[in-house]
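These are the residues of each chain, in order.
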Amino acid sequence: LSVVVLISGGGSNLRALLEAAADAEYPARVVAVGTDRPEAEGLTHAEDFGVPTFEVALSSFETRDAWGDALLEQIRQWNPDLVVLSGFMRLLPAHVVDALAPHLINTHPAYLPEFPGAHGVRDALAAGATQTGASLIVVDNGVDSGPIIARERIAIVPGDTETSLHERIKPVERRLLIQAVLDIANGNLDLKELSKA
Ligand code: GRF
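These numbers come from a predicted model, not from an experiment.

Undergrad: Explain the packing of helix 1 (residues 12-21) against helix 6 (residues 162-185) to me, please; I cannot follow it from the model alone.
TA: The geometry of a pair of packed helices is captured by two quantities: the angle between their axes and the separation between those axes. The contact between helix 1 and helix 6 brings their axes to 9 Å, and the two run at 40°. By the angle between their directions, the pair helix 1 and helix 6 is classed as oblique. Seen from above, helix 1 lies across helix 6 with right-handed handedness. Across the interface between the two elements, Ser12, Asn13, Ala16, Leu17 and Ala20 from helix 1 touch Lys170, Glu173, Arg174, Leu177, Ile178 and Val181 from helix 6. Taken together, the residues of the contact of helix 1 with helix 6 break down into 6 nonpolar, 2 polar and 3 charged.

Undergrad: Which parts of the structure should I look at to understand unusual backbone geometry?
TA: Peptide bonds are mostly trans, and most non-glycine residues show a negative phi. A cis amide bond, omega 0°, links Ala101 with the succeeding residue Pro102. Following the sequence through the fold, Pro102 ends up in the loop between helix 4 (94-100) and strand 5 (104-108). Cis geometry is adopted by the peptide bond preceding Pro113, which originates at Leu112 and carries an omega value of 10°. Secondary-structure assignment places Pro113 in the loop between strand 5 and helix 5 (120-126).

Undergrad: Before we go on, may I ask you to explain the pattern of salt bridges in this structure?
TA: Note on pairing: side chains with opposite charge can pair once their charged atoms come close. Scanning all chains against the criterion turns up 10 salt bridges. Measuring nitrogen to oxygen at the nearest pair gives 3.0 Å for the salt bridge that ties Arg15 to Glu19. Within this pair, Arg15 and its partner Glu19 are both found in helix 1, separated by 4 residues, close to a single helical turn. With relative accessibility at 25%, the residue Arg15 sits in the partly exposed group. By relative accessible area, Glu19 is classed as partly exposed at 44%. Notably, a salt bridge pairs Glu167 with Lys170, separated by 3.6 Å at the nearest N-O pair. Taken as a pair, Glu167 and Lys170 lie in helix 6 at a separation of 3 residues, close to a single helical turn. Overlapping salt bridges bring together Arg15, Glu19 and Asp48 as one network.

Undergrad: For this particular structure, what's the right way to read helix 1?
TA: Judged by how many residues are buried, helix 1 sits mostly within the fold: 7 of 10 residues are covered. Buried residues along helix 1 sit against strand 1 (2-7), strand 2 (29-35), helix 2 (43-48), strand 5 and helix 6.

Undergrad: Got a minute to help me understand the environment of Val138 in this structure?
TA: Along the chain, Val138 falls in strand 6 (residues 131-138). Using a relative accessible area of 2% as the deciding quantity, one classes Val138 as buried.

Undergrad: How should I be thinking about helix 6 in this particular structure?
TA: Given 3.6 residues per helical turn, the α-helix brings residues three or four places apart onto the same face. Counted at 1.5 Å a residue, the expected span for helix 6 with its 24 residues is 34 Å, and the 33 Å between its end C-alpha atoms agrees. Looking only at helix 6, the buried set comprises Leu165, Ile169, Val172, Glu173, Leu176, Leu177, Ile178, Ala180, Val181 and Ile184. With its phi angle positive at about 80°, Gly187 sits one or two positions after the end of helix 6.

Procedures and definitions
Residues numbered from 1 in each chain as written. Predicted model: local features only at pLDDT ≥ 70, side-chain atom pairs only at ≥ 80, totals over all residues. Heavy atoms only, no water. Axes fitted to C-alpha atoms, helices over the stretch in contact; angles between N-to-C directions. Helix = DSSP H or I, 4+ residues; strand = E, 2+ residues; numbered from the N terminus. Parallel < 35°, antiparallel > 145°, perpendicular 65-115°, else oblique. Left-handed = near helix turned anticlockwise from the far one by under 90°. Contact = heavy atoms within 4.5 Å. Nonpolar A, V, L, I, M, F, W, Y, C, P; charged D, E, K, R; others polar. Salt bridge = Lys/Arg side-chain N within 4 Å of Asp/Glu carboxyl O. Buried < 20%, exposed > 50% of the residue type's maximum accessible area, 1.4 Å probe, protein only. Expected span 1.5 Å × (residues − 1).

The structure is reproduced here in structure tokens:
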């Protein structure tokens, strides 16, 4: 299974996928890594594994749609079976989602549909929740509103900060992501079927 991963930041989830894919037994390969932020630290993980990268900065385009078109063009060059958004902090224009769906999944640091959006960890803490989670979904045209592939509860402990809680969530996200990509590659998870339900 060929995978393109889009990131905006540190790319710890990307690194986990690169490490898993380095095992010849794992039936998926990261063929390229894209970002909207040329300074994304996660690009170094792609470089460490010899995976090509591409940058499509929003600021280089007059409109979001033009940015989306350029991003889609870059993605299509790699003809991936799956696109993974992992720490990608932009909403994709609807025509980009439509072009890639349902082979477009996203990791989210909350127990969706709880706490969608760009600050899921902060929102859970602010709500005084005693538990949150990690989720993997199929991207649709809403915000973190697509069909849920997998999700797992994570306790919030007294004294948790956004950072401490997020660092406890990420390993769970990574595990869910590695497993889901494996299941998709093995045919045990059909994103088309999931999206129809
Ligand atoms: C992850 O928790 C992801 O779900 C969220 O931002 C975080 C990015 O982490 N959107 P990293 O860049 O993979 O380290």
